[in-house]
Every structure is written in structure tokens, then in C-alpha cells.
Amino acid sequence: YFYLNRSGIDLESKYAGVWARPAGHVSDNKVTCYAGTDSAGQNWTPCEYTLNASGGWYDAGDYGKYVVNGGIALWTLLNAYERNPSAFADATLYIPESGNGVPDILDEARWEMEFLLGMQVPEGQPLAGMAHHKLHGLKWDEMPGLPPTQSDTRFLFPPSTAATLNLAATAAQCARIWKNIDADFAARCLTAAEKAWQAANAHPAMLAAEFPELGGGAYGDGKVSDEFYWAAVELYLTTGKPEYQSYYSKYRNKNQTRIN
């Protein structure tokens, strides 16, 4: 399923069968920010950077790529592996990376993780460390239909606290899973996770901007305390730092009090 939804790579017939197709949206390797006014009246100005946000998985009903949707799907795959690694071996799935010495489920998960890392605002920018909420075009894709293989005008949409915490949580989990598989990748994930955590705490209520007239879903979230909890837990499990344990313990106690 996930392989068939990959963006930016040819789907080969030996793996995809009748669903083989050329790579879609190869121009996602150089995208910049959408500039315009959202439904709340906030004006978003152009950014001074482009990002390589290639790869990742397409969403369910369109060719947009969404950090919050991708985050929970990625986390589910990583959890499946982490809870029962012996059930997920290498060379068991029909994907190009099969047989490379890494469990196939992790190869597929990395395809999305690389995309999420690519959605982070770079250093030196006003919102450095935050993650852009989504990437898509100005019009809804015509469905059914194949993704375009030529350059396509697509944009990064404004960062959100929820997307940033999705990145923090999944990148923290990535760091401990890949530690003994690819140390450099694990270190890259941990750096991104901690930067995302710091950025989310600096901007704790940046809810997803909505542009209902454009070609993508909003996937908004009016309450991100659960994402903070999730990210803190994953960061603590990976680093053991007391600051993360303190955060999730306070959240847990507060919610237990509320329930009682």
C-alpha cells in the first residue's frame, strides 16, 4: 500500500504490477511557501527559502502530502516494528530496497521520514525548527488520474504546532530505531526532533492555517496538548533527558486529575 503511494520515484512493474507508473511530482525537490490570506484573515508573505520536500507518500484522495497525516501513519509502522522486530524481516516485501540488510518495513518508513525532515524550516529563518503543515498545488488534483511527471506548481503551506510535534515525535523514534542501523541518519533525526520540540514550545498555539479555496485539505487541530505529550514521551524514551519526563508527567497528572 505505502509503496504504491510513493511520490517522486518510478514505480517499477516488478514491484507495482499493473500500478507501475513514472515518478510523480519530481519538482517537489525545490518548493517555496505559498503567499496569501487564509480563512482567518491572516496574510502569509513569501519565504526566503526553498525546501527539498521530495519523496513521502501521497494522501488518501489526492496528491497532496500532509505532515500530520503522514506522521501518524509513519508512527504506526515504527511502533509495529519496535514492539515486535522479529516479525519484520528484510527481503519480505516487494519494494526496491528489499534485500539491503534493513527490515523492509523500516525502508518504507524511511521514505516518509525523509519527507517529514524535508518539511522543517531551516536555520536562520524566523520560524526555524517548525514544520510546514502540508504541500500541494493551488487546485485539487483531477482524480482518478496519474500524478504529473513534469514540473508542477506546488507550495509549502504555513507551519503549524501540530505538524512540528508530529515531526518531533517521529524523528525521536527514528533516532533510537536507526541508532544501530544508520548512525548518521539517527543523529540527523534526533537533531531535527529536538529543534522541532524547541520550536513548538516557542510557538505553542500556531494552529493550521486554512485555505478552503485551494487544492488541499486543512487537517486542522484546535488542541495540540496531546501532540506535546506524544513528542515528550518519544523524546524521553530516546534521550532519557529529565526535561521531557517532567513535561509528560505533568500532562499525565493533570489529565488524571481531570478524569477523577
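Position labels on residues start from 1 in each chain and follow its written sequence. It should be noted that, the model being predicted, local features are given only for residues of pLDDT at least 70 and side-chain atom pairs only at 80 or more, the latter also being counted only at that level, while totals for whole chains, interfaces and linings use all residues. Computation of side-chain values: all heavy atoms of the structure, hydrogens and water removed.

Student: Looking at this structure, I do not really get the overall build of the protein chain. What am I missing?
Tutor: Note on conventions: DSSP H or I runs of at least 4 residues are helices, E runs of at least 2 residues are strands, and numbering of each starts at the N terminus. Summing up its helical and strand segments, the protein chain has 7 helices and 6 strands in all. Seen in sequence order, the protein chain has helices and strands lined up from the N terminus as α-β-β-β-β-α-α-β-β-α-α-α-α. Computed over its C-alpha atoms, the radius of gyration of the protein chain comes to 18 Å, within 12% of the 18 Å expected for a compact globule of 260 residues. Here the term buried applies to any residue with accessible area under 20% of the maximum for its type, exposed to any over 50%, and partly exposed to those in between, with areas from a 1.4 Å probe on protein chains only. For the protein chain, with 260 residues in total, the buried portion stands at 49%. We compute the radius of gyration over the C-alpha atoms and compare it with the globule rule, which gives 2.2 Å times the number of residues raised to the power 0.38.

Student: Can you walk me through the state of the cysteines in this structure?
Tutor: Simply put, the disulfide is a covalent bond whose two ends are the sulfur atoms of two cysteines. Two cysteine sulfur atoms make up a disulfide if the distance between them is within 2.5 Å. Here the structure, examined in full by the defined rule, presents 2 disulfides. There is a disulfide in this structure between Cys174 and Cys189, and the S-S distance comes to 2.3 Å. The sign of the S-S torsion, about 60°, decides the handedness of the disulfide formed by Cys174 and Cys189: right-handed. Of this pair, Cys174 sits in helix H4 (residues 161-177) while Cys189 sits in helix H5 (residues 183-202), and the two are 15 residues apart along the sequence. By the burial criterion, Cys174 is buried, and Cys189 matches it. By sequence order of its bonded cysteines, the protein chain has the disulfide arrangement 1-2, 3-4.

Student: Looking at this model, I keep getting lost on the pattern of salt bridges. Mind explaining?
Tutor: Opposite charge on two side chains lets them pair, provided their charged atoms get close. Only one rule defines a salt bridge in this text: a Lys or Arg side-chain nitrogen within 4 Å of an Asp or Glu carboxyl oxygen. Across all of its chains, the model carries 11 salt bridges by this definition. In this structure, Glu234 engages Arg176 in a salt bridge whose closest nitrogen and oxygen atoms are separated by 2.5 Å. One end of the pair, Glu234, is in helix H6 (residues 225-239); the other, Arg176, is in helix H4, and 58 residues separate them in sequence. Take Glu234 and Arg176: they sit in the same class, and that class is buried. One continuous salt-bridge network, built from bridges that share partners, spans Arg110, Glu114, Asp182 and Arg188.

Student: Explain unusual backbone geometry here, please?
Tutor: Across residues other than glycine, the phi torsion is negative in most instances, and most of the peptide bonds are trans. Of note, the bond from Met143 into Pro144 is cis; its omega dihedral lies within 30 degrees of zero at 0°. Relative to the helices and strands, Pro144 resides in the loop between strand E5 (131-137) and strand E6 (154-160). Positive phi outside glycine occurs at His25, with the angle close to 55°. With respect to the helices and strands, the residue His25 is situated in the loop between helix H1 (13-16) and strand E1 (32-33). When its relative accessible area of 1% is taken as the criterion, His25 is described as buried. Notably, Ala91 is not glycine yet its phi reads approximately 60°, a positive angle. Tracing the backbone through its elements, the reader meets Ala91 in the loop between helix H2 (67-83) and helix H3 (104-118).

Student: Just to check I follow, could you spell out H4 for this structure?
Tutor: Think of an α-helix as 3.6 residues a turn; residues three or four steps apart then line up on the same face. Counted at 1.5 Å a residue, the expected span for H4 with its 17 residues is 24 Å, and the 24 Å between its end C-alpha atoms agrees. Counting buried positions along H4 gives 17 out of 17 residues, so the element sits mostly inside the fold. One fewer than the residue count of a helix, multiplied by 1.5 Å, yields its expected span.

Student: Teacher, can you tell me more about the pairing of E6 here?
Tutor: Within a regular strand, the side chains alternate between the two sheet faces. Burial of E6 is extensive: 7 of the 7 residues sit out of reach of the surface. Only strands that DSSP links by at least two bridges are regarded as paired with each other. The sheet contact formed by E1 and E6 spans 2 bridges and is parallel. Bridge pairing links Thr32 to Phe155 in E6. Sheet topology places E5 next to E6; 6 bridges connect them, and they run antiparallel. Among the inter-strand pairings, His136 is bridged to a residue of E6, identified as Phe155.

Everything listed is a geometric property; what it means functionally is a separate question.
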